[in-house]
Amino acid sequence: MTGRRSICGILLAGACACAAQAQAPDPLALQPRRPGRTAITSADRRFTVSGLTSAENMVLARKLADHAAQVEAVAGMPLPMQRGQILSVMVQRSSAPDARVLKVQGWDNGQFYQRLVVPGARQLDEEDLLEGATWLLLNRYAAEYVPAGQRHGLGATVPDWISTGLAQNLQAAFRARNRNWIAREMAESRVLPLARVIKNELLPSGPWREKAYASAAVELLFPDGEARAWSALFRTVGLRQGIDAAWLRQNCAALGTRNPETVWREFLERKVRARSAEAWGDRSLQIEEQLLQTLNFRPRDWLDDVPDDVPEDWFARDLIAVRAEPWVAPLAGALALQIRSLELGAPPALVAVLASYVAFFEQLGAPPADKSPWWRFGKKEPEALRPPDGATWQVALNQLWQRAERAHQTFLETHQNRKRYVDSFDRSEPGEFTTPVPAAADVPRTRLQRYVDDFEERRNRAAF
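S.K.: How should the overall build of the protein be read in this particular structure?
M.R.: Helix and strand content of the protein: 17 helices and seven strands. With 464 residues in all, the protein has 41% of them scored as buried. Considering only intrachain contacts with a sequence separation of at least 6, the fraction spanning at least 24 residues in the protein is 70%. Of the accessible surface of the protein, which amounts to about 25900 Å², a share of 53% is contributed by carbon and sulfur atoms.

This is how it looks when you write it as structure tokens:
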């Protein structure tokens, strides 16, 4: 009898243990869900971006799709990309400090494949990215003209001065920078001849003076929507023939029968003299408006797996209250990437504002680290350092947000004062043109004038 009770007790204890184990929560279920890293295909089905979170991949996919639409508008013809001919963009999670965008393409068994390999989000240079994408897209046009017997190897490649020049012309920030650079070069009588510009078959990454002239050359020789010139270019490149001075004189209407260098010089002079709204305008408020649109967002426009009870519209500051929700971290990463892309072409004062908001979103996507058992001695990577607890995380987020808002307000106030100062020159006061104006050197500079002088100097240093 005693033996039976012992056996029954053992069985009962085992059953209770199994029940307790079944009711106990799964340790893995207690861990916060990692942001989804699904590759995203752009809405136009031309780009697939992978390597970042799904939301960040979506940001880059949208940007590349918009860029492709601009290329089509300039070329005056649709991109010849059929179903399945998707251009893959792979973002490396860890890259060397000097990593650059890698452009890859080639024929394989009659199919034309193209890839872009880019550094991680923090090292991503948007200028290099768009130049690489433009090179591949123009090569896609040229690939249509490659004879069947030559569809092997690297494939047709457009000269860098054309692809880089087009990429530069598609961005207002690049155009303004290039125009200012050429104006300085003309003032110093050291303009680059057209004959040298068109010999730049390969151009390195980064801002170089040759790229400013390449953008002007493309604007002159291949005007927007001039399908005839672009078609001739793609056909010539596809047949692996050179784009030289003789070809340009024959196919580019802008040159006509005149001396190409004379036409080139006159074009640059007109370009520098033009007092267009773009040349004399200020894009600061345009970029700041894009910043506001990013801070006021709809989560479902960025993520697919947003819970049903999440409101439709959000302001970035309100994410602090739901910072621990699993959908917040990938959203924060995407918003940080979007704001970081606005730094391109922004004046230094606005760049500081954008960087402040990026710091907020990066901290929002870095929750407190999980507690490790005492017997685990793991050295933390610098990028993996996280707040020790939830309270510290909340305080850090509030401080970063307040710092960003203060920087934002200071920028707007300074910008407004600068606008008032500039407008004062347009006011015609009674007797203004009859009173001798003292020489600028004889008038002491006011505090506001000194600020404007410093602002312009810093902006010029930020160019080339």
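Back to the write-up after that little detour.
S.K.: Explain helix α15 (residues 348-364) to me, please; I cannot follow it from the model alone.
M.R.: Within an α-helix, residues lying three or four positions from one another point in the same direction, as the helix has 3.6 residues per turn. In a regular helix each residue adds 1.5 Å, so 17 residues correspond to 24 Å; α15 covers 25 Å between its end C-alpha atoms and thus fits that length. Taken residue by residue, α15 has L350, V353, L354, S356, Y357, V358, F360, F361 and L364 as its buried positions.

S.K.: Looking at this structure, I do not really get helix α3 (residues 54-75). What am I missing?
M.R.: With 22 residues, α3 extends 31 Å between its outermost C-alpha atoms, agreeing within 8% with the 32 Å of an ideal straight helix rising 1.5 Å per residue. By the criterion of burial, α3 is predominantly enclosed, with 16 of the 22 residues buried. One or two positions beyond α3, positive phi appears at G76, with a value near 75°.

S.K.: How should the nonpolar core be read in this particular structure?
M.R.: In globular proteins that are soluble, nonpolar side chains generally tend to be buried together. Membership of the largest hydrophobic core comes to 111 residues, with the highest contact counts inside it found for W161, F222, W230, W264 and F361. If you tally residues by element for this core, the top one is α3, at ten residues. If we skip the residues at most four places from it in the chain, W230 touches V74, A75, M77, L138, I162, L166, V218, F222 and P223.

S.K.: It is not clear to me how the packing of aromatic side chains should be interpreted in this structure. Could you clarify?
M.R.: What the rule picks out here adds up to eleven aromatic pairs. A centroid spacing of 5.5 Å and a plane angle of 90° characterise the contact between F315 and W401, whose relative ring orientation is edge-to-face. A residue pair is termed long-range when its members are at least 10 positions apart, and F315 in strand β7 (residues 314-315) and W401 in helix α16 (residues 390-423) qualify at 86 residues. A residue is classified by how much of its surface remains accessible, and F315, at 28% relative accessible area, is partly exposed. For the pair Y357 and W401, a centre-to-centre distance of 5.5 Å together with 70° between the ring planes defines the contact as edge-to-face. With Y357 in helix α15 and W401 in helix α16, this residue pair connects regions lying 44 residues apart in the sequence. For Y357, a relative accessible area of 2% translates into the label buried.

S.K.: Would you take a moment to explain the packing of helix α6 (residues 172-187) against helix α11 (residues 260-273) for this structure?
M.R.: Packed helices, taken two at a time, are described by their axes: the angle between them and the distance between them. Two elements in contact, α6 and α11, have axes whose closest approach is 10 Å; the angle formed by their N-to-C orientations is 115°. Note that α6 runs across α11; the crossing there is left-handed. Each of R179, I182, A183 and M186 in α6 lies in contact with α11, whose residues at this interface are R265, L268, E269, K271 and V272. Of the residues contributing to the contact of α6 with α11, the split by class is five nonpolar, no polar and four charged.

S.K.: Honestly, the environment of D313 in this entry has me stumped. Any pointers?
M.R.: Turning to its location among the elements, D313 is positioned in the loop between β6 (296-297) and β7. Separated by 16 residues in the primary sequence, D313 and F297 place their C-alpha atoms 6.0 Å from one another. With residues near it in sequence (within four places) discarded, D313 still touches F297 and R298.

S.K.: What is the right way to read the pattern of salt bridges from this model?
M.R.: With the rule as written, the count across this model stands at 15 salt bridges. For the salt bridge of K211 with E131, the shortest nitrogen-to-oxygen distance reads 3.0 Å. In this pair, K211 is assigned in helix α8 (residues 209-221) and E131 in helix α4 (residues 126-143), connecting sequence segments 80 residues apart. Given a relative accessible area of 9%, E131 falls into the buried group. Overlapping salt bridges, with partners in common, bring together E185, E188, R190 and R209 in one network.

S.K.: I would appreciate a short explanation of unusual backbone geometry in the present structure.
M.R.: Glycine aside, a negative phi is what most residues show, and trans is what most peptide bonds show. Positioned with a positive phi, N109 is a non-glycine residue whose angle comes to about 55°. On the secondary structure map, N109 appears in the loop between β4 (102-108) and β5 (111-118). By relative accessible area, N109 is classed as exposed at 76%. For S189, which is not glycine, the phi torsion reads 55° and is therefore positive. Structurally, S189 can be placed in the loop between α6 and α7 (194-197).

S.K.: When you look at the packing of α3 against helix α14 (residues 328-341) in this model, what are you seeing that I'm missing?
M.R.: Contact geometry for α3 and α14: axes closest at 7 Å, N-to-C directions at 30°. For the pair α3 and α14, the contacting residues are A55, E56, V59, L60 and K63 in the first and P330, G333, A334, L337, Q338 and S341 in the second. Here the residues of the contact of α3 with α14 are counted per class, giving six nonpolar, three polar and two charged.

S.K.: Help me understand the confidence of the model for the protein in this model?
M.R.: Any segment with low pLDDT has predicted coordinates that should not be analysed in fine detail. With 76% of its residues at a pLDDT of at least 70, the protein reaches an overall mean of 80. With pLDDT under 50 throughout, residues 275-281 is counted as low confidence; its partners more than four residues away or in other chains account for eight contacts. Taken together, the stretch residues 428-443 has pLDDT below 50 and engages in three contacts with residues farther than four places along the chain or on a different chain.

S.K.: Please explain the pairing of β4 as it appears in this structure.
M.R.: The pairing of β4 with β5 spans seven bridges and is antiparallel. Across the sheet, residue G106 finds its bridge partner in β5, namely Y113. Here β4 folds back onto β5 in antiparallel fashion, the turn holding two residues, of which N109 has a positive phi close to 55°.

S.K.: How should the sheet that holds β5 be read in this particular structure?
M.R.: Hydrogen bonds between backbone groups are what pair the strands of a sheet, and the pairing can be parallel or antiparallel. The strand order across the open sheet built from five strands is β1-β2-β3-β5-β4, with neighbouring strands paired in mixed fashion. Whereas interior strands pair on both sides, the edge strands pair on one side only; in this sheet they are β1 (40-41) and β4. Judged from the four bridges that link them, strand β2 (residues 47-50) and strand β3 (residues 87-91) form a sheet pairing that is parallel. Looking at the pairing, F47 lines up with L87 of β3. Against the sheet, α4 touches β2, β3, β4 and β5, its axis set at about 175° to β5.

Definitions and cut-offs
- Residues numbered from 1 in each chain as written.
- Predicted model: local features only at pLDDT ≥ 70, side-chain atom pairs only at ≥ 80, totals over all residues.
- Heavy atoms only, no water.
- Helix = DSSP H or I, 4+ residues; strand = E, 2+ residues; numbered from the N terminus.
- Buried < 20%, exposed > 50% of the residue type's maximum accessible area, 1.4 Å probe, protein only.
- Contact = heavy atoms within 4.5 Å.
- Areas by Shrake-Rupley, 256 points an atom, 1.4 Å probe, with all protein chains shown as cover.
- Expected span 1.5 Å × (residues − 1).
- Core = buried A, V, L, I, M, F, W, Y, C linked by side-chain atoms within 4.5 Å.
- Phe/Tyr/Trp six-rings, centres within 6.5 Å; stacked < 30°, edge-to-face > 60°.
- Axes fitted to C-alpha atoms, helices over the stretch in contact; angles between N-to-C directions.
- Left-handed = near helix turned anticlockwise from the far one by under 90°.
- Nonpolar A, V, L, I, M, F, W, Y, C, P; charged D, E, K, R; others polar.
- Salt bridge = Lys/Arg side-chain N within 4 Å of Asp/Glu carboxyl O.
- pLDDT = per-residue confidence, 0-100.
- Pairing = 2+ DSSP bridges.

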